[in-house]
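# A look at the structure
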Amino acid sequence: MIDRSMEITKNINFRLAKIEDIHKLYHIESRSFSSPWPEEAFYNDIAHNRFASYVFIEVDGTQAGYCGVWIILDEAHVTNIAILPEYRGRKLGEKLLCKMMSLAKEAGAKTMTLEVRVSNHVAKSLYKKLGFQEGGIRRGYYTDNREDAQVMWVNI
């Protein structure tokens with residue numbers, strides 16, 4: 001059996017999500033999280049929030065994941081990052097977050113923050129690899145099980 005992490009992924013592209021992509025964002029979101037954001041949240045961000053941007057990572061023309069960010073003044077806040085289960089283990093999350101960090105820096109952000117479940121060791125390991133440091137704890141942050149969130153930040 002071939003290790004998925006060793007698969008060669010060709011034709012990786014990034015593109016900004018548009019209003020007509022809301023169903024694609026929600027599809028990835030609902031397959032990735034036990035308590036997904038509603039489609040309306042994506043609509044409101046894309047249609048009405050001038051601080052919000054969402055970027056897809058596409059593999060051979062298929063949306064394999066997305067990252068959302070709000071950039072306010074010189075701070076970027078990652079709202080969500082998700083990779084479809086069948087595309088995990090190929091370093092796509094790392095590529096996507098690096099792309100978002102680069103785009104945020106181009107837009108004038110000097111720092112980036114995010115929250116992550118304290119139990120999500122895989123994600124925390126990725127964030128640390130990219131230079132994020134642990135900050136505070138948001139007690140009971142996640143509504144599905146009241147799990148705490150670790151706040152992480154990085155200078156970009």
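Structural data are supplied above this passage.
Residues numbered from 1 in each chain as written. Predicted model: local features only at pLDDT ≥ 70, side-chain atom pairs only at ≥ 80, totals over all residues. Heavy atoms only, no water.

### Looking at the side chain of D21
Cut-off, in case you're wondering: Working definition: helices are DSSP H or I runs of at least four residues, strands are E runs of at least two. Numbering for both runs from the N terminus. Partly exposed describes any residue whose relative accessible area lies between the buried limit of under 20% and the exposed limit of over 50%, with all areas from a 1.4 Å probe on protein chains only and scaled to the type maximum. For this analysis, residues touch if any pair of their heavy atoms sits within 4.5 Å.
Of note, D21 is situated in the loop between β1 (12-16) and α1 (22-32). Judged by relative accessible area, D21 falls into the buried class, the value being 3%. Residues within four places of D21 in sequence aside, it is in contact with R15, L16 and F56.

### Structural notes on the nonpolar core
Here is the rule we go by: By nonpolar core we mean a set of buried residues, namely Ala, Val, Leu, Ile, Met, Phe, Trp, Tyr and Cys, connected to one another through side-chain atoms within 4.5 Å.
Core analysis: the biggest nonpolar cluster contains 40 residues, and Y66, L97, M112, Y127 and F132 have the highest contact counts within it. Ignoring any residue separated from it by four or fewer positions in sequence, one finds Y127 in contact with I81, L97, L114, V116, F132 and M152.

### Brief notes about the pattern of salt bridges
Between side chains of opposite charge, a pair can form as their charged atoms come close. Stated precisely, the cut-off is as follows: Salt bridges are defined as contacts in which a side-chain nitrogen from Lys or Arg sits within 4 Å of a carboxyl oxygen from Asp or Glu.
In total, this model carries 11 salt bridges according to the counting rule given. Linking R138 and E115 is a salt bridge whose minimum nitrogen-to-oxygen distance equals 3.0 Å. Pair noted here: R138 is in strand β6 (residues 133-138) and E115 is in strand β5 (residues 111-117), with a separation of 23 residues, a long-range link. Note that R139 is salt-bridged to D148, the shortest N-O span being 2.8 Å. One continuous salt-bridge network, built from bridges that share partners, spans R15, D21, K24 and E58.

By themselves, these are just geometric observations and shouldn't be taken as functional.
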